[in-house]
Protein chains: 2
Amino acid sequence: MDDGQGIEPDGLPAFDLGGFTPYRVALVAQRLSEALAREYRVRFGLSVPEWRVLAHLAQSDAVSVRDIEDAVAMEKSRVSRTAARLEARGLVAKRADPGDRRLVQLSLTGDGRAMMADLLPLASAFQGEIEAQLGTDFAGFDRALGRLLEAYRGG
Amino acid sequence: MDDGQGIEPDGLPAFDLGGFTPYRVALVAQRLSEALAREYRVRFGLSVPEWRVLAHLAQSDAVSVRDIEDAVAMEKSRVSRTAARLEARGLVAKRADPGDRRLVQLSLTGDGRAMMADLLPLASAFQGEIEAQLGTDFAGFDRALGRLLEAYRGG
DNA sequence: ACAGGTTCGTTGCAAATGCAACGATGTGGC
DNA sequence: GCCACATCGTTGCATTTGCAACGAACCTGT
């Protein structure tokens, strides 16, 4: 009677949200984000978007809003406002690109660099913690993430 | 000179956001969510929170806001407002719990059940698609998700 | 029965978000 | 050089969100 995709008494096909991969991934993303954000929100007063922008600036200086938009997967208006907030806090500098005045060059200030010098080791430690949690399964996990990013990139 | 956690010329430790697991997971979550939402937003006019609430109601009828809050990992105010919207659209019924009048019993209406009868097979197909993408790696991937949920549950 | 404390769901309010529209700047065709 | 068109970043606006506060209902001990 049970054909493996059974029908419940109420006429609906059986479905377990808790086992649904998109939901599980969203949940893990949320938990990891919260765990990490706990560190850098309480200690540095950063939100997730702010952390992302700073992290990208730390690895590639003098980039445009558009560059960040692509690199950190955020809407350009979100990047723009985040950058404005970071500038107001003195962590990021904005100046017009001399070659193309439509562009804005974002870069870390001295303060911004100093903060990231404290923050990045914490991030690396967190990464190490996750890898330790997963042990030998980490490589496969990361590969699967890459596969899904490929399969569902933009579409 | 490169000790494996090198220092960049700008004095910051090397860090690759694109390889940072929390970021990668967040990205996959976003992509999967978008891919799925494309289906049920255009065809059924549902948002992600609405989908989650309906999905939970489909598998366990007559539950309280608090139950859903736990089951679908959403703030209670978000659940409350989502339920109100679904009620206004005639997909969900709300009634006071006769045993404990603080509680609200949420359940699918006939219309709601009918919609879910169309939706759930799509969700199952999407799940199958993901599993096909990952092939034999899916089991390990899912296990790793579970491990991370355990490790970072609530804290 | 009643006072103190707890749980449930809703709501007010400020902040964040997405989307579209906009001005400014660049580019290419002619 | 000029005009149509594309790109960049910001902003207006409506919606969504999280948090705290609230009233209502329940529970406990006395």
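Since this is a predicted model, take the numbers as computed values, not measurements. (Residues numbered from 1 in each chain as written. Chains lettered and ligands numbered in written order. Predicted model: local features only at pLDDT ≥ 70, side-chain atom pairs only at ≥ 80, totals over all residues. Heavy atoms only, no water.)

1. A word on the UniProt feature "domain: HTH marR-type" (unreviewed entry) in chain A
- The UniProt record marks residues 22-154 of chain A with the feature "domain: HTH marR-type" (unreviewed entry), using the residue numbering of this structure.
- What you have in residues 22-154 of chain A is 72% helix and 8% strand, and the ends, taken at the C-alpha atoms, are 16 Å apart. (UniProt positions renumbered as here; feature names shortened; annotations may be inferred. Helix = DSSP H or I, 4+ residues; strand = E, 2+ residues; numbered from the N terminus.)

2. So, the interface of chain A and chain B
- With 61 residues of chain A in contact, the opposing surface of chain B contributes 61 residues.
- Both sides of the chain A and chain B interface together cover about 6,100 Å² of buried area, and 66% of this is carbon and sulfur.
- When the buried surface of chain A facing chain B is broken down by residue, A:L12, A:F15 and A:Y152 rank first, second and third, together holding 12% of it.
- Joining chain A to chain B, the criterion identifies 6 salt bridges.
- With 15 residues, the top contributor of residues to the side of chain A that touches chain B is helix α1 (residues 21-44) of chain A.
- Partitioned by chemical class, the residues of the side of chain A that touches chain B number 38 nonpolar, 10 polar and 13 charged. (Contact = heavy atoms within 4.5 Å. Buried area = accessible area lost by both parts, 1.4 Å probe. Salt bridge = Lys/Arg side-chain N within 4 Å of Asp/Glu carboxyl O. Nonpolar A, V, L, I, M, F, W, Y, C, P; charged D, E, K, R; others polar.)

3. Some details on the environment of B:V63
All names here are of chain B.
- Here V63 lies in the loop between α2 (48-59) and α3 (65-72).
- Residue classification places V63 among the buried positions, given a relative accessible area of 8%.
- Separated by 42 residues in sequence, V63 and Q105 place their C-alpha atoms 5.2 Å apart.
- Among all residues touching V63, those that are not within four sequence positions of it are H56, L57, I68, V104, Q105 and L106. (Buried < 20%, exposed > 50% of the residue type's maximum accessible area, 1.4 Å probe, protein only.)

4. Looking at the domain arrangement of chain A
All names here are of chain A.
- Domain annotation for chain A reports domain 1 (1-45) and domain 2 (47-120).
- Its C-alpha centre places domain 1 at a distance of 32 Å from the equivalent point of domain 2.
- At the interface, 5 residues of domain 1 touch 8 residues of domain 2.
- Between domain 1 and domain 2, the buried area comes to about 590 Å², and carbon and sulfur atoms account for 68% of it.
- The largest contributions to the domain 1 side of the interface with domain 2 come from Y40, F44 and G45, which together make up 84% of the buried area.
- Counting across the domain 1 and domain 2 interface gives 0 salt bridges. (Domains from an automatic or database assignment.)

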